[in-house]
Amino acid sequence: MAKSHPTFVCQACGAVFGRWKGRCEACGGWNTVVEEAAAPAAGPVALRPVRAKGRVFPLEALAGESREAPRTPCGIAEFDRVTGGGFVRGSVILLGGDPGIGKSTLLMQAAAALARGRRVAYISGEEAVAQVRLRAERLGLAAAPVELAAETNVEDIVATLSEGEAPALAVIDSIQTMWTETVESAPGTVTQVRGSAQALIRFAKSRGTALILVGHVTKDGQIAGPRVVEHMVDAVVSFEGDAGHHFRILRAVKNRFGPTDEIGVFEMTDRGLAEVPNPSALFLAGRDLATPGTAVFAGMEGTRPLLVEIQALVAPSALGTPRRAVVGWDPSRLSMVLAVLEAHGGLRLGQHDVYLNVAGGLRIAEPAADLAAAAALVSSLSGAALPADTVYFGEVGLSGAVRPVAQAQARLKEAAKLGFSRAVSPAPRGEAERAPIDTVPLGHIADLVAGIAARGVRRREP
Ligand code: TYD
Ligand code: MG
């Protein structure tokens, strides 16, 4: 029999090496390679009796009938929106998020909501049953028929959940604390996380239980443990927000059974997470109307329009290389917008520090925010406040052209609903529907700069 060698596994990407390395050759991470006990010779396949011939299974036609995946909505509308209308039977969701962001709170609320008339289990590997109970009491959910346990052994959990009726929902909080007897490594290592996830997922698929695995997030925002867990599950959902704000945003990063661009917005209150059905109003609350450097962006998150304030500060720099800092937006898009403003808008920003912030802790990924960011930047540089009743949206090309974006009508409607009366946006393509508010069609970034500069001049006149 071959001598068992120690194996070294990268805790970031799961790559296996024969000896220790300071830097993982697969993903380039430093100090991520850790010694783990060698896995059993060849994984679970070898444990099964060897068969001489494969089993013949029927192949089906692509055109065959299949029913829509049966879903169980949990009744928390913002959560259901992100999952695509509810939990799918036998599907597995990985929920990631910073410690203390509210993952356990959200899942306890979802579990309690779903538990009316269905079997729901909540397995905590991090907290004692008393702690979980205390939280439920605080949330006013102490009477919900959720089955609780503080357990970390996967075999025990699977055996317990397999007894009686299969649960409609099982929550595992968190996958990093689970361990399976089939793997010798310590809990939290890649091999354990992968092995435990595999066993739990197999249970969920075979019994039709919707399974939610909580995953920890590393310093740089990745779900800790191997990326392979992300590939094993049906949906990866992240719970975001920062400590300074009460808003929490639930976002699907991957979803086999629904959209990936929808977000759910919550507010952390002293009685748990409250849904925010109209996030635009929340994100615009406390807006400073008279200061230069702020612009309202009419954005879209999935099918839902969302207005947010974009703040910019452009100030003369004392440094040789001016600072560029951005929160909530893509830094390379900021560099691009700055370059376009210099090349086609006649602005000189080489001696200025530039800061850009998306208010309320939201993160925007849409290129349609280019125009709003540009307006905030020009406004800050020129000292001219933008009109308080105007929203901005549009993508800016490298030539300085302002390009149309999708769902303009939905953005305009949301702006009208919140009391805005004007939109600065790209000229619509072809025959346009009647806009619900005044639109100022913009073809080129230079027109934006000229318009804002003219406001500054007008303001300084007596
Ligand atoms: P928790 O769900 O334990 O976070 P996670 O599981 O993601 O680590 O939430 C912890 C935070 O939420 C904690 O700082 C307290 C806060 N909180 C409230 O503000 N209100 C509440 O009703 C509850 C239950 C928690
Ligand atoms: Mg927790």
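Residues take numbers from 1 onward in each chain, read along the sequence in its written order. All chains are assigned letters beginning at A, and all ligands numbers beginning at 1, according to the order in which they are written. Totals for whole chains, interfaces and linings use every residue, but because this is a predicted model, local features are given only for residues with pLDDT of at least 70 and side-chain atom pairs only at 80 or more, for both listing and counting. As a rule here, side-chain values cover all heavy atoms of the structure and leave hydrogens and water aside.

(A) Structural detail: the packing of helix H4 (residues 154–162) against helix H5 (residues 190–207). Lines fitted to the C-alpha atoms define the axes, with helices restricted to the stretch that makes contact. Angles between their N-to-C directions range from 0 to 180 degrees. Segments assigned H or I by DSSP are reported as helices when at least four residues long, segments assigned E as strands when at least two residues long, and all are numbered from the N terminus. At a minimum axis distance of 10 Å, the contact between H4 and H5 shows a crossing angle of 10°. When the axis of H4 is compared with that of H5, the two are roughly parallel. Contact residues: H4 offers Val154, Ile157, Val158, Leu161 and Ser162, while H5 offers Ser196, Ala199, Leu200, Phe203 and Arg207. Partitioning the contact of H4 with H5 into residue classes produces seven nonpolar, two polar and one charged. We call two directions roughly parallel when the angle between them is under 35 degrees, roughly antiparallel when it is over 145, roughly perpendicular when it lies between 65 and 115, and oblique otherwise. In this analysis, two residues are considered to be in contact whenever any of their non-hydrogen atoms come within 4.5 Å of each other. When residues are sorted by character, Ala, Val, Leu, Ile, Met, Phe, Trp, Tyr, Cys and Pro go into the nonpolar class, Asp, Glu, Lys and Arg into the charged class, and all the rest, Gly among them, into the polar class.

(B) Fine view of the nonpolar core. We call a set of buried Ala, Val, Leu, Ile, Met, Phe, Trp, Tyr and Cys residues a nonpolar core when their side-chain atoms join them within 4.5 Å. Residue burial is assigned from relative accessible area. The probe radius is 1.4 Å, only protein chains are included, and a residue is buried under 20% of its type maximum, exposed over 50%, and partly exposed in between. By size, the foremost hydrophobic cluster in this structure holds 60 residues, and its most contacted members are Trp329, Leu341, Leu377 and Leu448. Grouped together as the second largest cluster of nonpolar side chains are 34 residues, Phe87, Leu107, Phe239 and Phe266 included.

(C) Representation of unusual backbone geometry in the model. Following aspartate 173, the chain continues into serine 174 via a peptide bond in cis, with omega recorded as 5°. Positive phi outside glycine occurs at asparagine 31, with the angle close to 55°. Of note, asparagine 31 is situated in the loop between strand S2 (16–17) and strand S3 (33–36). Here glutamine 407, not a glycine, exhibits a phi torsion of approximately 55°, which is positive. Tracing the backbone through its elements, the reader meets glutamine 407 in the loop between strand S21 (402–403) and helix H10 (408–417). Owing to a relative accessible area of 42%, glutamine 407 belongs among the partly exposed residues under this scheme.

(D) Here's a closer look at the site of ligand 1. When we say a residue is near a molecule or strand, we mean one of its heavy atoms is within 4 Å of it. Taken together, 16 residues surround ligand 1, and among them Gly100, Lys103, Ser104, Thr105 and Gly272 come closest. Polar contact is the term for a pair of N or O atoms within 3.5 Å; when the atoms are in protein, one must be able to donate a hydrogen and the other to accept it, and sequence-neighboring residues count only if both atoms are side-chain atoms. Measuring from an oxygen atom of ligand 1, one finds a backbone N or O atom of glycine 102 at 3.0 Å. Contact distances for ligand 1 include 2.8 Å between a nitrogen atom and a backbone N or O atom of threonine 269. Listed by contribution, the elements that provide at least two residues to the shell around ligand 1 are helix H2 (103–114), helix H3 (129–138) and strand S13 (263–269). No other element matches H2, which puts three residues into the shell around ligand 1.

(E) View of the pattern of salt bridges. Here, a salt bridge means any side-chain nitrogen of Lys or Arg that lies within 4 Å of a carboxyl oxygen of Asp or Glu. Using the criterion set out here, one finds 13 salt bridges in the structure. The residue glutamate 301 makes a salt bridge to arginine 251 at a minimum N-O spacing of 3.6 Å. Taken together, the positions of glutamate 301 in strand S15 (residues 294–301) and arginine 251 in strand S12 (residues 247–255) put the pair 50 residues apart, joining distant regions of the chain. We classify arginine 251 as buried; its relative accessible area is 11%. Here aspartate 370 makes a salt bridge to arginine 333, at a shortest N to O gap of 2.9 Å. Of the two residues, aspartate 370 sits in helix H9 (residues 370–382) while arginine 333 sits in helix H8 (residues 331–345), which places them 37 residues apart along the sequence. According to the relative accessible area criterion, aspartate 370 is buried, its value standing at 0%. Salt bridges sharing common partners tie together Glu240, Arg251, Glu301 and Arg363.

(F) Region of interest: the sheet that holds S15. In space, the seven strands of this open sheet follow the order S17-S18-S16-S15-S19-S22-S23, with mixed pairing throughout. A single partner strand is all that each edge strand has here, and the edge strands are strand S17 (324–327) and strand S23 (438–442). The mean inter-strand angle of the sheet, taken between neighbouring strand axes irrespective of direction, is 25°. At least two bridges found by DSSP between two strands is the condition for calling them paired. In this sheet, strand S19 (residues 390–392) lies alongside S15 in parallel orientation, the contact comprising two bridges. Its bridge partner being in S19, phenylalanine 297 is matched across the sheet by tyrosine 392.

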